[in-house]
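Inside the fold
Each chain, letter by letter, is given below.
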Amino acid sequence: MTLTFEPTRTAALNRLSNFLPHTGRDYASLRNYDLPGHPHVSGLSPFIKHRLITEEEVLQATLGRFSLSTAEKFIQEVYWRTYWKGWLEMRPSVWTMYQSGVQAQLNRVQTESGLRQEWEAACKGETGIECFDHWANELTSTGYLHNHARMWFASIWIFTLRLPWELGADFFIRHLLDGDPASNTLGWRWVAGLQTAGKTYLARTSNIAKFTKERFRPQYQLAGEAQPVEGFPNPERAPLPLADSLDTSVPTVLVLTDDDLSPGFMLDRGLSPVATAVVPTYKGRSPLEIADHIPAFFKSATDDVTDRYCARLGTVDTIAPEDLQSWAASHGADHMVTAYTPVGWTNDALSRATGDIPLRRIRRSYDESAWPYATAGFFKFKEKIPRLVGEIKGLKAA
Ligand SMILES: Cc1cc2nc3c(=O)[nH]c(=O)nc-3n(C[C@H](O)[C@H](O)[C@H](O)COP(=O)(O)OP(=O)(O)OC[C@H]3O[C@@H](n4cnc5c(N)ncnc54)[C@H](O)[C@@H]3O)c2cc1C
């Protein structure tokens, strides 16, 4: 039994409503079990990543069912995503250094045949470590891995196989349907001990056996200690970049990307685009080929959103980032509007599409409220959750 992801908002809403009864004490006690079909986690991440459903909708629904204290663990996990995004937004060089790191390690793979063989074996699930090989195959065939499996996998990649963490993060990002520049890059850095100084995550046989209910017991195969990993330290925090305001008085075109496929929050504020561009940016995820299920998910998800909003989007075209300026000009647009693109490949692609017609990036109030608190570790951020949740409860759905 595997999780499958139908790229529609209806599927996202159904998944949320089916999982809601489990977001309370069940989630707190069972979420770490990595079992076939993943019954104890929501499987919402590909939908949230594309914002076919938003974090605040998930939180609103959860709080409609349980108190904050009963659903504390689930709510905290949703906020982990928010925290990582805010953290990276204020330290954008971590993303560019990661990208340089991937390129440098891929150059090594070209010239060092030993490294190339070990990297290929890990990506193909041919290391001989049964659990690791299983997760490599699960990831490449489904586009999803349970959080605990991601932690074990990253730890074995780094500390047992002694492969560069950047290549592991790149392997994930080429296959994950929920692939996210912040959660993935910082998740790998956290396991490697680069994110939180001196704190590594070491996968242990007994922990894997317990939380897979003995499906796997990698006896005597795993590193017994986490040897330090080389990598760049965390940079100083920069101010949170300002978002743009929405001006509905001039001819505008709308740009839809994989960062946010719920444009209702802008349309409801009076945005009435003369045309809409669907802009695929997934090629920027990695210098290597991206798994086919990623563009397929994006295509169906954008078909879903453009069908649902068809009366409000004007003509809809699929446009490459480099053609956005001429496309916007052909529609007589004064400016382009998009939901805010956080640090990552989509923002990279749109930044390269600059020209006479400005692109305005509109941030959701959810992000605007939470991101400034990602100043230090999650522990400090977590203290703000009751206040943040209080603001959300009054918000309208996306
Ligand atoms: C090495 C590594 C790489 C990761 N890469 C990604 C990634 O590219 N994209 C991504 O969305 N998540 C990533 N995560 C975080 C986490 O594993 C996934 O968000 C989670 O497994 C998604 O499954 P779910 O929706 O069933 O989660 P649930 O447990 O049902 O959680 C609900 C939601 O909370 C958020 N969430 C849960 N756990 C985390 C977490 N630890 N960090 C951030 N957000 C979380 C997700 O949006 C998720 O959909 C990574 C974790 C690690 C350790």
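Rules used in this analysis
Residues numbered from 1 in each chain as written. Predicted model: local features only at pLDDT ≥ 70, side-chain atom pairs only at ≥ 80, totals over all residues. Heavy atoms only, no water. Domains from an automatic or database assignment. Contact = heavy atoms within 4.5 Å. Buried area = accessible area lost by both parts, 1.4 Å probe. Salt bridge = Lys/Arg side-chain N within 4 Å of Asp/Glu carboxyl O. Helix = DSSP H or I, 4+ residues; strand = E, 2+ residues; numbered from the N terminus. Nonpolar A, V, L, I, M, F, W, Y, C, P; charged D, E, K, R; others polar. 1 Å grid on protein atoms, 1.4 Å probe; cavity = no way out; pocket = protein on both sides within 12 Å on 5 of 7 lines; lining within 4 Å. Points joined across faces, edges and corners; volume = space filled by probe spheres on them. Disulfide = S-S within 2.5 Å. Buried < 20%, exposed > 50% of the residue type's maximum accessible area, 1.4 Å probe, protein only. Pairing = 2+ DSSP bridges. Axes fitted to C-alpha atoms, helices over the stretch in contact; angles between N-to-C directions. Phe/Tyr/Trp six-rings, centres within 6.5 Å; stacked < 30°, edge-to-face > 60°. Lys NZ or Arg CZ within 6 Å of the ring centre and 35° of its normal.

Brief notes about the domain arrangement of the chain
Under the domain assignment used here, the chain contains domain 1 (9-89 + 372-393), domain 2 (93-211) and domain 3 (252-362). For domain 1 and domain 2, the distance between their C-alpha centroids amounts to 24 Å. Every contact between the two is made by 17 residues of domain 1 and, on the other side, 21 residues of domain 2. Across the interface of domain 1 and domain 2, roughly 1,800 Å² is buried in total on both sides, 61% from carbon and sulfur atoms. On the domain 1 side of the interface with domain 2, the three residues burying the most area are D34, W84 and L88, jointly 34% of the side's total. Counting every contact that joins domain 1 to domain 2 gives two salt bridges. K85 is paired through a salt bridge with D180; the nearest N and O atoms lie 2.6 Å apart. Looking at the side of domain 1 that touches domain 2, the elements with two or more residues in it are α3 (45-49) and α5 (72-89). The element contributing the most residues to the side of domain 1 that touches domain 2 is α5, with five residues. Here the side of domain 1 that touches domain 2 is built from residues that sort into seven nonpolar, five polar and five charged.

Let's talk about the layout of surface pockets
Remark: the empty space left among the atoms is shown by a probe the size of a water molecule rolled over them. Roughly 1,400 Å³ of internal volume is contained in the largest pocket. Along the walls of the largest pocket sit 49 residues, with E77, W80, W84, N147 and S183 positioned nearest its centre. Of all the secondary-structure elements, those providing two or more residues to the lining of the largest pocket are α3, α5, α9 (147-160) and α11 (181-192). Per-element tally for the lining of the largest pocket: the top contributor is α5, with eight residues. Within the lining of the largest pocket, the residues separate by chemical class into 24 nonpolar, 15 polar and 10 charged.

Description of the state of the cysteines
Inspection of every chain in the model, using the stated rule, returns zero disulfides. Left unpaired, C123 is separated from the closest cysteine sulfur, that of C131, by 16 Å. Owing to a relative accessible area of 15%, C123 belongs among the buried residues under this scheme.

Some words on the sheet that holds strand β1 (residues 252-256)
The five strands lie next to each other as β3-β2-β1-β4-β5, forming an open sheet whose pairing is parallel. Every interior strand has two partners, whereas the edge strands, β3 (315-318) and β5 (359-362), have only one. In this sheet, adjacent strand axes meet at a mean angle of 25° when their direction is disregarded. Bridging between strand β2 (residues 275-278) and β3 involves four bridges; their strand directions are parallel. The residue bridging T276 from the neighbouring strand is V316, located in β3. Most of the contacts of helix α14 (residues 293-308) go to β2, to which it runs at about 165°, and overall it touches β1, β2 and β3.

Examining the packing of aromatic side chains
Within a pair of aromatic rings, the relevant descriptors are the distance that separates the centres and the angle that separates the planes. Throughout the structure, instances matching the rule amount to 33 aromatic pairs. In this structure an aromatic cluster arises from ring pairing among Y79, W80, Y83, W84, Y366, F378 and F381. Between the NZ or CZ atom of R150 and the centre of the ring of Y144, over which it lies, the distance is 5.5 Å. One cation-aromatic arrangement involves R361 over Y340; the distance from NZ or CZ to the ring centre is 4.3 Å.

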